[in-house]
Amino acid sequence: LWLGTEIGIYRKKEGKFEHFPISPDDGLVRFIERLQNGKIYFAGEDGLGTIENGTVKLFNLNRRQLTNLGAVRQLLLFNGRLIAAGSNGLFEIDLKKNSVVMLKQFKSGVTSIQLDKLNRLWIGTESGLFVYDGISFKNIHIGNKSNARFINFLELIHDMMYIGTN
C-alpha cells in the first residue's frame, strides 16, 4: 500500500509505515498510482516522478516547467505518452527530452482524466467535460445546471464511464 500525504510518500509494509523522501521539505503528494506500464507514478508540490524498486526517482523538470503544470492532480499513459492533468491545463510530459508541452488550456483546471475502451481520453474540468481522440477535443454537454459542469471525478468500471459532478 502506497500513500501520498501532506508530508510526502509512505508505504505500508509488514504492518509498518515507511517514509520515502522526495525532497528535504517533503510537501503534499496529490497523486500516486501504478499505471498501465507497471510503474508507480506520483505528483506533488516537490515534483513528479516514479518509484522503482523502492527508490524515488524525480523527473528532471525545472521549476518553470513545474509552475506551468500547476497542481498536478492525475497522470496517465495515453498512446504511450505521459499525460498530466494540472490546474493550468492538460500537458504531455516527454521524459526523454525533459519537456512539458501544453495540449489544451481550459477555462478552469483539469480535475480528472480517464481512458475509455476505445482509447479516448476523457477530461473533467471545473467548467465541463471533454473527450480527446488524439486529434481534437470535443466538449460533452451533460446538463443544464451550472453545478453539473464541475467534474469531480471520472471512473471507468466494466466499460461504463462514471462521472461525478457537484
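Residues numbered from 1 in each chain as written. Predicted model: local features only at pLDDT ≥ 70, side-chain atom pairs only at ≥ 80, totals over all residues. Heavy atoms only, no water.

K.L.:
So what exactly am I meant to see when it comes to a nonpolar patch on the surface here?
P.N.:
Judged by side-chain polarity, Phe153, Ile157, Met160 and Tyr162 come together as a nonpolar surface patch covering roughly 390 Å² of accessible area. Of all the elements in the fold, those that place two or more residues in the nonpolar patch are strand S16 (151-157) and strand S17 (160-165). Along the chain, tyrosine 162 falls in strand S17. (Patch = residues over 30% accessible without salt bridge, like charges linked within 9 Å, V, L, I, M, F, W, Y side chains within 5 Å. Areas by Shrake-Rupley, 256 points an atom, 1.4 Å probe, with all protein chains shown as cover. Salt bridge = Lys/Arg side-chain N within 4 Å of Asp/Glu carboxyl O. Helix = DSSP H or I, 4+ residues; strand = E, 2+ residues; numbered from the N terminus.)

K.L.:
Whenever I open this one, the side chain of glutamine 65 confuses me. Can you help?
P.N.:
Within the secondary structure, glutamine 65 sits in helix H1 (residues 63-69). According to the relative accessible area criterion, glutamine 65 is buried, its value standing at 9%. Contacts of glutamine 65, omitting those with residues within four sequence positions, involve Asn60, Asn98, Ser99 and Val100. (Buried < 20%, exposed > 50% of the residue type's maximum accessible area, 1.4 Å probe, protein only. Contact = heavy atoms within 4.5 Å.)

K.L.:
Help me understand the sheet that holds strand S1 (residues 2-5) in this model?
P.N.:
By definition, the strands of a sheet pair up through backbone hydrogen bonds, in either a parallel or an antiparallel sense. The 3 strands lie next to each other as S1-S2-S3, forming an open sheet whose pairing is antiparallel. Each edge of the open sheet carries a strand with a single partner, namely S1 and strand S3 (16-20). The sheet shows a mean angle of 30 degrees between the axes of neighbouring strands, taken without regard to direction. Where strand S2 (residues 8-13) lies against S3, 5 bridges are found, and the strand directions are antiparallel. Following the sheet pairing, lysine 12 is matched in S3 by phenylalanine 17. (Pairing = 2+ DSSP bridges. Axes fitted to C-alpha atoms, helices over the stretch in contact; angles between N-to-C directions.)

K.L.:
Is there a simple way to explain the nonpolar core in this structure?
P.N.:
Most often, soluble globular proteins keep nonpolar side chains buried together rather than apart. Ranked by internal contacts, the top residues of the largest apolar core, which has 16 residues, are Tyr41, Leu48, Leu69, Leu75, Leu82 and Ile93. Elements that contribute at least two residues to this core include exactly strand S5 (40-44), H1, strand S8 (72-78), strand S9 (81-86) and strand S10 (89-94). In terms of residue count, S8 provides more of this core than any other element does, 3 residues in total. Each residue touching tyrosine 41, except ones within four places of it in the same chain, is listed here: Phe31, Ile32, Glu33, Leu35, Gly49, Thr50, Phe59, Leu75, Leu77 and Leu82. Grouped together as the second largest cluster of nonpolar side chains are 13 residues, Ala85, Ile113, Ile123 and Tyr132 included. (Core = buried A, V, L, I, M, F, W, Y, C linked by side-chain atoms within 4.5 Å.)

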